[in-house]
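The chain contents come next:
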Amino acid sequence: MSLETTGLGPEEWQAIALSLKVAFWAALASLPFGIFIAYALARWDFPGRQLLNGLVHLPLVLPPVVTGYLLLMTLGTRAPLGAFLQNFGIVFSFRWTGAALAAAIMGFPLMVRAIRLSIEAVDARLEEAASTLGASPLHVFFRVTLPLSWPGILAGAVLAFAKALGEFGATITFVSNIPGQTRTLPSAIYAFLQVPGGESAALRLVLISIALAMGALILSEVLARRVSKRLSGGGRS
């Protein structure tokens, strides 16, 4: 494998494109679940609420390889659930879809936390007023809660996207490091560092990773400030 000293080679572009694809679908697919869980934690009081909150945040404190191992033992082709899904053509292990699933799980706590804080910041009196006027709970959610918490939802999605771009441990454990199929930016950096002369390619990908992550974090901060400004304005009498 020859590595170019200047410019990006085909393998590098492939890793970048796959990372963006995995991160995009990881954030998009988990967003409806993130909104639902965040709303439940912010607005509902039910048995097991703290347990659910703990499970949601568990990937933040578990070693990523543990998460990847659990996914492999659950959704691998030899696992009962994985074998069952394979009968319907649904395969996650050693596929880019599995990389997206692992990345989504790792970024889910960040997404839920940002969305939950945004929903909790919505004045409950506005929701109560809409209910008093005869609006159904779904109508209140889609016409009042969701629009007011939208900046926080976007911030959560961006954070999950950024986390997915940098996910390595769970991904490589669950889907391995297959060029063109599961080799994302972190996996490509790791692979280039294992071969003689790969340092320059690894450095280029490191710089690209930093730029993408910083861009996502800056965007998330801008959205968070919009939420704060809106809340400050809404709190004035």
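Conventions and cut-offs
- Along each chain, residue indices are assigned from 1 in the same order as the chain's sequence is written.
- Side-chain atom pairs in this predicted model are given and counted only at pLDDT of 80 or more, local residue features only at pLDDT of at least 70, and totals for whole chains, interfaces and linings cover all residues.
- Side-chain measures were taken over the full set of non-hydrogen atoms in the model, leaving aside hydrogen atoms and water.
- To qualify as a helix, a DSSP run of H or I must reach at least 4 residues; to qualify as a strand, a run of E must reach at least 2; elements of each kind are numbered from the N terminus.
- Any residue under 20% of the maximum accessible area for its type is buried, any over 50% is exposed, and the rest in between are partly exposed; the area is computed with a 1.4 Å probe on protein chains only.
- In this description, contact between two residues means that some pair of their heavy atoms is separated by no more than 4.5 Å.
- Note on areas: Shrake-Rupley with a 1.4 Å probe; residue coverage comes only from the protein chains shown.
- Under this rule, positive means Lys or Arg and negative means Asp or Glu; His and the chain ends count for nothing.
- In this description, the location of a charge corresponds to atom NZ of lysine, CZ of arginine, CG of aspartate or CD of glutamate.
- For Phe, Tyr and Trp, rings pair up if their centres lie within 6.5 Å, where Trp contributes its six-membered ring, and each pair is then called stacked (planes under 30 degrees apart), edge-to-face (over 60) or tilted (otherwise).
- By definition, being over a ring means that NZ of Lys or CZ of Arg is both within 6 Å of the ring centre and within 35 degrees of the ring normal.
- The nonpolar core is taken to be a set of buried Ala, Val, Leu, Ile, Met, Phe, Trp, Tyr and Cys residues, with the residues joined through side-chain atoms within 4.5 Å.
- One number per residue, pLDDT, summarises how confident the predictor is, and it ranges from 0 to 100.
- For patch building, the residue pool is restricted to those with more than 30% relative accessible area and no salt bridge; the joining distance is 9 Å between like charges and 5 Å between nonpolar side chains (Val, Leu, Ile, Met, Phe, Trp, Tyr).
- A pair is scored as a salt bridge if a Lys or Arg side-chain nitrogen falls within 4 Å of a carboxyl oxygen belonging to Asp or Glu.

Scanning the chain from terminus to terminus reveals eleven helices and zero strands. In sequence order, the secondary structure elements of the chain are arranged as α-α-α-α-α-α-α-α-α-α-α. Projected onto the principal axes, the alpha-carbon positions of the chain cover approximately 70 × 45 × 30 Å. Counting all 237 residues of the chain, 41% fall into the buried class. When contacts within the chain are restricted to residue pairs at least 6 apart in sequence, those whose partners lie at least 24 apart make up 74%. Carbon and sulfur atoms provide 68% of the accessible area of the chain, an area that totals close to 12900 Å². Between the centroid of the 17 positive side chains of the chain and the centroid of its 11 negative side chains there is a distance of 5 Å.

Taken as a whole, this structure holds seven aromatic pairs when the rule is applied. For the pair Tyr 39 and Phe 141, a centre-to-centre distance of 5.1 Å together with 80 degrees between the ring planes defines the contact as edge-to-face. Placement of the pair is Tyr 39 in helix α1 (residues 10-43) and Phe 141 in helix α7 (residues 137-148), with a sequence separation of 102 residues. We classify Tyr 39 as buried; its relative accessible area is 17%. Among the residues examined, Phe 141 registers a relative accessible area of 14% and is labelled buried. The rings of Phe 36, Tyr 39, Trp 44, Phe 141 and Phe 142 are connected pair by pair, giving a single aromatic cluster. Lying over the aromatic face of Trp 96, Lys 21 brings its terminal NZ or CZ to 4.1 Å of the ring centre.

Attention now moves to the nonpolar core. In this structure, Leu 31, Ile 35, Ile 37, Val 112, Ile 115, Ile 119 and Ile 153 are the most contacted members of the largest nonpolar core, which totals 19 residues. Looking at this core, the elements that each hand over two or more residues are α1, α5 (96-121), α7 and α8 (150-166). The element contributing the most residues to this core is α1, with eight residues. Those residues in contact with Ile 153 that sit more than four places away from it in its chain are Leu 31, Ile 35, Ile 115 and Leu 146. Grouped together as the second largest cluster of nonpolar side chains are 18 residues, Ala 103, Ala 104, Ala 164 and Val 175 included.

When pLDDT is averaged across the chain, the result is 87; 93% of the residues are at 70 or more. When mean pLDDT is taken per element in the chain, helix α3 (residues 64-75) scores highest with 94 and helix α11 (residues 199-234) scores lowest with 80. Here residues 1-6 scores under 50 on pLDDT; set against residues more than four positions off or in separate chains, the count is 15 contacts.

A contiguous nonpolar patch, built from Leu 203, Val 206, Leu 207, Ile 210, Met 214, Leu 217, Ile 218 and Val 222 and spanning about 700 Å² of accessible area, is present on the exposed surface. With respect to the helices and strands, Leu 217 occurs in helix α11.

Turning next to the pattern of salt bridges. All told, the structure shown has five salt bridges when counted by the stated rule. Of the charged contacts, one joins Glu 127 and Arg 43 as a salt bridge, the two residues approaching to 2.9 Å between their closest N and O atoms. Note that Glu 127 is positioned in helix α6 (residues 124-132) and Arg 43 in helix α1, a separation of 84 residues in sequence. Residue class for Glu 127 comes out buried when judged on its relative accessible area of 9%. Classification of Arg 43 as partly exposed rests on a relative accessible area of 25%.

Time to look at unusual backbone geometry. The phi dihedral of Phe 94 is positive, around 60 degrees, even though this residue is not glycine. For Phe 94, the position within the fold is in the loop between α4 (80-86) and α5. Residue Phe 94 is classed as partly exposed on the basis of its relative accessible area, which comes to 39%. Backbone geometry at Ser 176 places phi at a positive 65 degrees, although glycine is not the residue there. By the secondary structure assignment, Ser 176 is in the loop between α9 (169-175) and α10 (185-193).

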